[in-house]
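The primary structure of each chain is shown beneath.
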Amino acid sequence: MPECPVCGAEPTISDDPVEGELLECEDCGVELEILALDPITLGEAPDAEEDWGE
């Protein structure tokens, strides 16, 4: 089971995960991204940046 890179908890992952999917760690509240599927690797999701239509 993959662990949260921030707190080490095991976040709930859907039965059909997709690379790039975002989820939230139930323990620490950080937003995570699925970086790889085999094995499932999690990382902190990047902050959304405003592009202001550019």
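Before reading on, note that the structure itself is shown above.
So, a few notes on the structure that sits alongside this text. Here the structure is a predicted model, which means the values were calculated and not measured.

On to a negative patch on the surface. A grouping of Glu-24, Glu-26, Asp-27, Glu-31, Glu-44 and Asp-47 is seen on the molecular surface, where their side chains present a negatively charged patch. Checked against the element boundaries, Glu-31 lands in strand 2 (residues 31-37).

Here we take up the sheet that holds strand 2. Strand order in the open sheet formed by three strands is 1-2-3, and the pairing between neighbours is antiparallel. The sheet is open, and its two edges are formed by strand 1 (22-24) and strand 3 (40-44), each paired on a single side. Each strand of the sheet is rotated relative to its neighbour by a mean of 40°, with strand direction disregarded. Looking at chain direction, strand 1 and strand 2 are connected through three bridges and run antiparallel. What sits directly across from Glu-24, in strand 2, is Glu-31.

What is expected of a backbone is that most residues other than glycine have negative phi and most peptide bonds are trans. Here Asp-38 and Pro-39 are connected by a cis peptide whose omega angle stands at 0°. Its location among the elements puts Pro-39 in the loop between strand 2 and strand 3.

Position of Glu-33 among the secondary structure elements: in strand 2. Sequence-distant contacts of Glu-33, that is, excluding residues within four places in its chain, are made with Gly-20, Glu-21, Leu-22, Thr-41, Leu-42, Gly-43, Ala-45 and Pro-46.

Quick look at the environment of Cys-4 now. Among the secondary structure elements, Cys-4 is positioned in the segment before strand 1. Among the residues examined, Cys-4 registers a relative accessible area of 4% and is labelled buried. Note: C-alpha distance between Cys-4 and Asp-27 (23 residues apart in sequence) is 9.1 Å. Once you skip the residues sitting within four places of it in the chain, Cys-4 turns out to touch Ala-9, Pro-11, Cys-25, Cys-28, Val-30 and Leu-32.

Conventions used here
- Residues numbered from 1 in each chain as written.
- Predicted model: local features only at pLDDT ≥ 70, side-chain atom pairs only at ≥ 80, totals over all residues.
- Heavy atoms only, no water.
- Patch = residues over 30% accessible without salt bridge, like charges linked within 9 Å, V, L, I, M, F, W, Y side chains within 5 Å.
- Areas by Shrake-Rupley, 256 points an atom, 1.4 Å probe, with all protein chains shown as cover.
- Salt bridge = Lys/Arg side-chain N within 4 Å of Asp/Glu carboxyl O.
- Lys, Arg positive; Asp, Glu negative; His and termini not counted.
- Charge placed at Lys NZ, Arg CZ, Asp CG, Glu CD.
- Helix = DSSP H or I, 4+ residues; strand = E, 2+ residues; numbered from the N terminus.
- Pairing = 2+ DSSP bridges.
- Axes fitted to C-alpha atoms, helices over the stretch in contact; angles between N-to-C directions.
- Contact = heavy atoms within 4.5 Å.
- Buried < 20%, exposed > 50% of the residue type's maximum accessible area, 1.4 Å probe, protein only.

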